[in-house]
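Given next are the chains, with one letter for each unit.
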Amino acid sequence: MRLEPGHEGGAADGEVIPIQTGADVSRVRRVAAAAMATIGASKIETTRMVTAASELARNTLDYGGGGEMRIAIVGRMSKRKVEMIFSDRGPGIADIALALKDGYSTGGGLGLGLSGAKRLCKEFEIRSAPGEGTIVKVASWTERP
Amino acid sequence: MTHFLEPNRIPIFQIGDCLLLTIQVDLEDRMIMTLKDDLAERIAKTHAKGVLIDISALDVVDSFIGRMLANISAIARILDASTVIVGMRPAVAITLVELGMSLQGVRTALDVDRGMELIRRGAAEEAARLHEA
């Protein structure tokens, strides 16, 4: 396992948004919303994905000490999806299962960030190790009959 | 009044004994922290009985914003004002529930009119209760 963004494929080729301030969290939301609009996602799908992006960006900032988000639209035609990869070089997570539990927080938050984002996105993947930072990859697409 | 019209500050309007504010911009963390402080001061200064927060323009309420809305509501309650959040979009409501936030202790109404009604009714009940006592 390499915790190095840029070796993931997919979103690695897309736009990179640095996450260093609260204003960057807002920017992440705007960029996520624009990407969901591009694939023609519904209001509810967009709201889910943008909310997940907001939670993950805040985690990157608050727990990871800042980092970045890579976003890309992958796949073609009706199979297109929005993929976002959040990465930081922070302290990392020792117990991922525990971190994914509702209400568990090492900071002052509600502990809904990771677990909530997992529920809101169709794909969710996390890699982390103490001292090596954290990478969270999520993806969503729009349902077409 | 210019104090409340600074950029990055959400204006708070007074209508009778109600304070009304409408969030029309993408909420940055710092703005909502400032709003919390401004609102507490205004409630104390105006002895407002109700606070109406219109979030109809908000596309997203994440757990941070949700927690801040709950905090604002709790602070207002201690200052003897009841808060009603109005205009939440259906997609936002669905997402909040899926996120795992129940916004406990926060009263909501579909629109400003119904929110006003909730506050008035609350104030009337309170007055009746005090009268009986």
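Let us look at the structure shown here. No experiment lies behind these values; they were computed from the predicted model shown.

Moving on, we get to the interface of chain A and chain B. Facing 22 residues of chain A, the contacting portion of chain B comprises 19 residues. Together chain A and chain B conceal approximately 1,800 Å² of surface at their shared face, both sides included; 54% is due to carbon and sulfur atoms. In this structure, the connection of chain A to chain B is made through three salt bridges. Residue B:D62 pairs with A:R58 through a salt bridge whose shortest N-O separation is 2.6 Å.

In total, this model carries twelve salt bridges over all chains according to the counting rule given. Close ionic contact of A:K122 with A:E45 constitutes a salt bridge, the shortest N to O distance being 3.4 Å. A residue pair is termed long-range when its members are at least 10 positions apart, and A:K122 in the loop between α4 (113-120) and β4 (123-129) and A:E45 in helix α2 (residues 43-62) qualify at 77 residues. Assessed through its relative accessible area of 30%, A:K122 is described here as partly exposed. What makes A:E45 buried here is its relative accessible area of 9%. For B:E98, the salt bridge is made with A:R48, and the minimal N-O distance between the two is 2.6 Å. Highlighted residues: B:E98 in helix α3 (residues 90-99) and A:R48 in helix α2, drawn from two different chains. Via salt bridges that share partners, A:E45, A:R48, A:K122 and B:E98 belong to a single interconnected network.

Turning to the side chain of A:N59, a few remarks are in order. With respect to the secondary-structure elements, A:N59 resides in helix α2. Residues within four places of A:N59 in sequence aside, it is in contact with A:G64, A:G113 and A:L114.

A few words now on the side chain of B:D62. For B:D62, the position within the fold is in the loop between β3 (50-54) and α2 (63-78). Take B:D62: its relative accessible area is 0%, and that puts it in the buried class. Looking at B:D62, its side chain comes within polar contact range of the side chain of A:R58, at 2.6 Å. In terms of polar contacts, B:D62 uses its side chain to reach the backbone amide nitrogen of B:I65, at 2.9 Å. The residues contacting B:D62, other than those within four sequence positions of it, are A:R29, A:T51, A:S54, A:E55, A:R58, B:L99 and B:M101.

Turning our eyes to something else, we now look at the packing of helix α1 (residues 29-46) of chain B against α2(B). Residue and element names in this part refer to chain B. The geometry of α1 relative to α2 is characterised by a closest axis approach of 10 Å and an angle of 10° between their N-to-C directions. Classified by the angle between their axes, α1 and α2 sit roughly parallel to one another. Contacts between α1 and α2 involve D29, I32, M33, L35, K36, L39, A40 and I43 on the former and, on the latter, F64, I65, M68, N71, I72, I75 and A76. For the contact of α1 with α2, a count of residues per class yields twelve nonpolar, one polar and two charged.

Scoring rules and cut-offs
- Residues numbered from 1 in each chain as written.
- Chains lettered and ligands numbered in written order.
- Predicted model: local features only at pLDDT ≥ 70, side-chain atom pairs only at ≥ 80, totals over all residues.
- Heavy atoms only, no water.
- Contact = heavy atoms within 4.5 Å.
- Buried area = accessible area lost by both parts, 1.4 Å probe.
- Salt bridge = Lys/Arg side-chain N within 4 Å of Asp/Glu carboxyl O.
- Helix = DSSP H or I, 4+ residues; strand = E, 2+ residues; numbered from the N terminus.
- Buried < 20%, exposed > 50% of the residue type's maximum accessible area, 1.4 Å probe, protein only.
- Polar contact = N/O pair within 3.5 Å; in protein donor to acceptor, adjacent residues only side chain to side chain.
- Axes fitted to C-alpha atoms, helices over the stretch in contact; angles between N-to-C directions.
- Parallel < 35°, antiparallel > 145°, perpendicular 65-115°, else oblique.
- Nonpolar A, V, L, I, M, F, W, Y, C, P; charged D, E, K, R; others polar.

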